[in-house]
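Residues per chain are reported as follows:
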Amino acid sequence: MEVKTSLLDNMIGVGDMVLLEPLSEDSFLDNLRKRFDHNEIYTYIGSVVISMNPYRSLPIYTPDKVEEYRNRNFYELSPHIYALADEAYRSLRDQDKDQCILITGESGAGKTEASKLVMSYVAAVCGKGQEVNKVKEQLLQSNPVLEAFGNAKTVRNDNSSRFGKYMDIEFDFKGDPLGGVISNYLLEKSRVVKQPRGERNFHIFYQLLSGASDDTLKKLKLDRDFSKYNYLSLDSAVVNGLDDAANFRTVRNAMQIVGFMEDEVQSVLELVAAVLKLGNIEFKPESRSNGTDESRIKDKNDLKEMCELLGIEQSVLERAFSYRTVEAKMEKVSTTLNVAQAYYARDALAKNLYSRLFTWLVTRINESIKAQAKTRHKVMGVLDIYGFEIFEDNSFEQFIINYCNEKLQQIFIELTLREEQEEYVREGIEWTNIEYFNNAVICDLIENNQNGILAMLDEECLRPGTVTDETFLDKLNTICAEHQHFESRLSKNSKFLTDHSLPHNCFRIQHYAGKVLYRVESFVDKNNDLLYRDLSQAMYKANHSLIKQLFPEGNPAKVNLKRPPTAGSQFKTSVGTLMRNLQTKNPNYIRCIKPNDKKASHIFTDSLVCHQVRYLGLMENVRVRRAGYAFRQAYEPCLERYKMLCKKTWPHWNGPAREGVEVLMADLQVPAEEFSYGRSKIFIRNPRTLFFLEERRRQCLQDLASLIQKIYRGWKCRTQFLLLKKSQIVVAAWYRRFAQQKKYQKIKSATTVMQSYARGWQARKLLRELKYQKRCKEAVTTIAAFWHGTQVRREYRKFFRANAGKKIYDFTIQRIMQKYFLGLKTTLPSMSPIDKNWPVRPYRFLDGVHKELRRIFHLWRCKKYREKFTEERKAVYEEKLEASEIFKDKKALYPSSVSQPFKGDYLEISKNPKYQKLNSAVDEKVLLADVVNKINRANGKGTARIFLLTKKSVLLADQKTGQVKASVPLPDVASVSVSTQSDGFFALKLKEGSASAVKGDFLLSSERLIEIITKLHRIGATTADRDQLNIDISDEFLVQFKQDKVCVKFIQGGPKNGSGVSCKRKNNRLLEVSVPTTA
Ligand SMILES: Nc1ncnc2c1ncn2[C@@H]1O[C@H](COP(=O)(O)OP(=O)(O)OP(=O)(O)O)[C@@H](O)[C@H]1O
Ligand SMILES: [Mg+2]
């Protein structure tokens, strides 16, 4: 069978005593020692953890360790208190079983440390969150507060719990802490007023004096010096390794975290201070007149300060220390107290004050840490109760403490030894009984209601008459003498008569853990726990909120004459309740063992350990465990838990649960010796088998989870797929519809097109046919017409002339022509040759005729016009014509001359008497007479001269006198030079070598230049004996002045030159004529 290897295999010694071979007390101790020497302080006996106190801090409580043990199986790792805590926490969380952790062992064995480790582990592994962390913090911080007030240094333990503590931590279904409830059991209050040698009072007194600030101490009216207080023993006030001052700060901080208000803390400290003050009140006797002694307070200063602290009227308290009032039904008797009684009263008050303060603290802490939610809680109880104690001098407290330990041992025996063995028998499992010591008999000796020690003590306390510790011992001697665990010198049992180790005022009980000698002194008082009513009433009157609460019985309105229950019976009741509570829960044991008595590390005192091993019944535990079965479970839950490991039982088994489990075990092939079938339960021998089952279950759960996951995923995918499919069908349907619609539309439109084409084609065909038919008809009609025509013409031809058509044509043309000519006649234009009008042609074919007629008409019109001319006019026009031939388009002056008639004689020489002389000098007819400018070569300026032209010569005469200045016969004139421009300059060039040429050429200027030159040219043309006159038209020509030739150059001047023509001499050889630019 394959199981995960347990770390138990590779351990120092044996991690689980069940595996110890051979099993004997020696080997047991050897194993413990070996492991202790190697710092392995934890060892298992099955599921029970043995814890050895290492008396030094080991590195095995780190957060890493917490993580290591978290969620691991109990036997998987080396033994550790964390493994137990984890197991308990997980079965609480996962299996919904309330748990209790029972930590037992003698004083100083490490119970309180173990309880703190369990709590811190659970706090570390449970849920996190702001609220949860607060709860955790409050639960954890309740420890330092209670330890400060309830722990003290004893000879066995520097931090000995002097009260019993049971704490229920409440969790919700997730395993998150919700809160807690603390129950406290019987504080050893006698310690407040007196401590055995080598021991201290409760830590808080020393912490307050060492750690409080001067200011606080002043407020509390305290002195830092321990020796100032009677209640603080001096010999061991300072403990090595205990920093009271630092612890005080821790306690104050813890109180704050737990939720104490500042004024509450102050009240608590005031009470602590008051107890110290109370201890300092001393009494002295004072004789009274009646001869009795009455107590008086020695020094009232402490009383005064205490009263100030608690807000009590000093006189009231003073009186309470001096008198005692006893109230019977109807009467009230007041007696004075002697000094001893006063001291008793003082101490009683101090003890009550302190113990009530402690109870109040627990209640106050409970108020803070109680679970808020009202839902069902799962509970983990942690029991850390004072350990078994054997002192030199054992009193009532030790008796009570040891009784409690007896009860715990009893529960251990009940649940692990007796119950287990009885269960095997009950279940019909083959079983050889293992002997063990059952301490029920001792418990009975103490708690029996009829003759138990506690019952007898109560009886004594309640009995009228004189009751002393001795009467109580007597009673014990008479009643318990026969009890095998009771020993007393005075008992009738002669066995102890000579036992000198047993003093007369003592009795001895053989506890499960050893014999303890109890001194009966003050048993009755401590059991009565009496506080004089005067004191409780004085306290009630205090003007201090906390004190008033602590002494409710002091309220005069609520005087209760009934005796309060005794301390012993109270304790018995609460222990009974505790035991019943523990029995309802699943127990987890931590058995603490103290290795030595010296509080020293590394020392292993065999005898001491052996003693503890014996009385703790560890050997028996191992034996029962080895012979028995590690695990048992009813068939139903077992089948329910493991049914998934077998196909036949999974998922449902229809038969009885036992058969189902049998099938399951057979299927898993668990060896037969590993388990047994009981009547209602299956018993599994070895934890490994359980391990194996758990491991298989874990795997199976994983597989199941995978299966569920698989099915879920499958279902999810399938649902998704079906959804997709459905949507796909819808989409496809819509798409197909759409596609079909589209296709149909296409086909429809295609059909329509085809139809239209077909119809078109048909229609066209029809049309063609119809057209054809129509054409045929037309053709037929035409043919018929032609045919008829032919026929008719053939018939009627004889009635028409053959050329009638031409004639009609000619006639028509004639008529048109006639009409044209007649029309033209009426629309002819005027006779003026320059009239450009001509009627529009009516027919195009007459185009040529029309143009020709226009030309002819124009020629005719010109001829007619010419015919109207006289000879002179004709000559004038001839002259004009000649001028045109000479100058047109050659000289710019010409156009202006066209409209001027050539008058010739402008000076009317013959008629003007002024020119008579000149006229007489000219024998020829004057063809032209006009004034010209003769240009002076020297400056270009002109001189006015009369220019005369006759058929034979040219004359120049003075304008004023008419005297002839020059006469040039025309044959001497070789040529005339003119410019191309609009000026009137002209040069008469004379033939070289002629007589006239002596004086040089003439450069003249006249406005009538065109007329003069034309006339000069005409004379040359009409005179037969003369050469044609040359006319040179150029803008640059030479003029022969006497000897020199001067060049006359014409330039076009801008408008700036003025409107007139100017001539300037540029140099000897150049005359420059500027002619205004013609526009
Ligand atoms: N696991 C541990 N690691 C280190 N030191 C330890 C451990 N357990 C106990 N101790 C030491 O032993 C001392 C006594 O332990 P603890 O107070 O837990 O004893 P106890 O069993 O509660 O005694 P009592 O019955 O007197 O209250 C502690 O103060 C501490 O110094
Ligand atoms: Mg303790």
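Just above sits the structure.
Residues numbered from 1 in each chain as written. Chains lettered and ligands numbered in written order. Predicted model: local features only at pLDDT ≥ 70, side-chain atom pairs only at ≥ 80, totals over all residues. Heavy atoms only, no water.

(A) Spotlight on the overall build of the protein. If you tally the helices and strands in the protein, you get 32 helices and 31 strands. Taking all 1079 residues of the protein together, the buried fraction comes to 48%. Carbon and sulfur atoms make up 53% of the accessible area of the protein, which totals about 56100 Å². In the protein, 169 side chains carry a positive charge and 132 a negative one; their mean positions are 22 Å apart. (Helix = DSSP H or I, 4+ residues; strand = E, 2+ residues; numbered from the N terminus. Buried < 20%, exposed > 50% of the residue type's maximum accessible area, 1.4 Å probe, protein only. Areas by Shrake-Rupley, 256 points an atom, 1.4 Å probe, with all protein chains shown as cover. Lys, Arg positive; Asp, Glu negative; His and termini not counted. Charge placed at Lys NZ, Arg CZ, Asp CG, Glu CD.)

(B) Quick look at the pairing of strand S19 (residues 681-684). Note: strand S17 (residues 631-634) against S19, 4 bridges, orientation antiparallel. From the neighbouring strand, Gln633 faces S19, where its bridge partner is Ile682. The pairing of strand S18 (residues 675-677) with S19 spans 3 bridges and is classified as antiparallel. Across the sheet, the residue bridging to Phe675 is Ile684, located in S19. Hairpin connection from S18 to S19: 3 residues lie between these consecutive antiparallel strands. (Pairing = 2+ DSSP bridges.)

(C) Looking closely at a positive patch on the surface. Judged by side-chain charge, Lys934, Lys965, Lys999 and Lys1042 come together as a positively charged surface patch. Mapped onto the fold, Lys1042 is located in the loop between strand S28 (1036-1041) and strand S29 (1044-1053). Taking the relative accessible area as the measure of exposure, Lys1042 reaches 56% and is therefore exposed. (Patch = residues over 30% accessible without salt bridge, like charges linked within 9 Å, V, L, I, M, F, W, Y side chains within 5 Å. Salt bridge = Lys/Arg side-chain N within 4 Å of Asp/Glu carboxyl O.)

(D) Inspection of helix H23 (residues 618-627) at higher detail. Burial of H23 is extensive: 7 of the 10 residues sit out of reach of the surface. Of the positions making up H23, those classed as buried are Leu618, Met619, Glu620, Asn621, Val622, Val624 and Arg625.

(E) Fine view of the sheet that holds strand S15 (residues 514-519). In spatial order, the strands read S13-S14-S15; together these 3 strands make up an open sheet with antiparallel pairing. Looking at the sheet topology across the chains shown, the edges are occupied by strand S13 (486-488) and S15. On average, adjacent strands in this sheet sit at an angle of 25 degrees to one another, irrespective of strand direction. The sheet contact formed by strand S14 (residues 506-511) and S15 spans 6 bridges and is antiparallel. Bridged to Cys506 within S15 is Arg519. (Axes fitted to C-alpha atoms, helices over the stretch in contact; angles between N-to-C directions.)

(F) Structural context of the sheet that holds strand S12 (residues 378-384). Taken in spatial order, the 7 strands of this open sheet run S1-S2-S16-S3-S12-S6-S7, and their pairing is mixed. Taken across any chain shown, the strands that pair with only one partner, and hence form the sheet edges, are strand S1 (42-45) and strand S7 (177-185). Geometrically, the sheet is characterised by an average inter-axis angle of 20 degrees between neighbouring strands, direction not taken into account. In this sheet, strand S16 (residues 586-593) lies alongside strand S3 (residues 99-104) in parallel orientation, the contact comprising 6 bridges. Each bridged residue has a counterpart across the sheet, and for Thr104 the counterpart in S16 is Arg591. The sheet contacts of helix H5 (residues 130-150) involve strand S6 (164-171) and S7, and relative to S7 the element is tilted by about 15 degrees. (Contact = heavy atoms within 4.5 Å.)

(G) Region of interest: the nonpolar core. Among the nonpolar cores identified, the biggest contains 187 residues, and Phe28, Phe149, Phe205, Leu317, Phe321 and Phe507 are the most heavily contacted of them. No other element matches the 15 residues that helix H13 (residues 339-369) contributes to this core. Non-local contacts of Leu317, meaning those with residues more than four positions away in its chain, are made with Leu303, Met306, Cys307, Ile312, Leu349, Leu535, Ala538 and Met539. In terms of nonpolar packing, the next biggest core, distinct from the first, is built from 31 residues, Ala883, Val978, Phe986 and Ile1019 among them. (Core = buried A, V, L, I, M, F, W, Y, C linked by side-chain atoms within 4.5 Å.)

(H) Molecular detail of the environment of Tyr386. Structurally, Tyr386 is set in the loop between S12 and helix H14 (396-427). Here Tyr386 is in contact with Lys111, Ser161, Arg162, Phe163, Gly164, Tyr185, Leu186, Ile401, Cys404, Asn405 and Phe571, once residues within four sequence places are set aside.

(I) The environment of Ile946, seen in detail. With respect to the secondary-structure elements, Ile946 resides in strand S21 (residues 942-950). Excluding residues that lie within four positions of it along the chain, Ile946 makes contacts with Leu907, Ile909, Tyr915, Leu918, Asp930, Val931, Leu955, Leu956, Ala957, Asp958 and Gln959.

(J) A look at the coordination of the magnesium ion (ligand 2). Donor atoms from the polypeptide that coordinate the magnesium ion (ligand 2) comprise Thr112 (OG1) and Ser161 (OG), at 1.9 to 2.1 Å from the metal. Taken together, the residues span a long stretch of sequence, with Thr112 in helix H4 (residues 111-125) and Ser161 in strand S5 (residues 160-161) at a distance of 49 residues. Neither Thr112 nor Ser161 differs from the other in exposure class; each is buried. (Donors = N, O, S within 2.8 Å, 3.2 Å for Na, K, Ca; no water.)

(K) Spotlight on the packing of H5 against helix H7 (residues 203-211). The N-to-C vectors of H5 and H7 enclose an angle of 100 degrees; their axes lie 5 Å apart at closest approach. It follows that H5 is roughly perpendicular to H7 by the angle criterion. Taken together, the residues of H7 that come into contact with H5 (itself represented by Glu147, Ala148 and Phe149) are His203, Ile204 and Gln207. (Parallel < 35°, antiparallel > 145°, perpendicular 65-115°, else oblique.)

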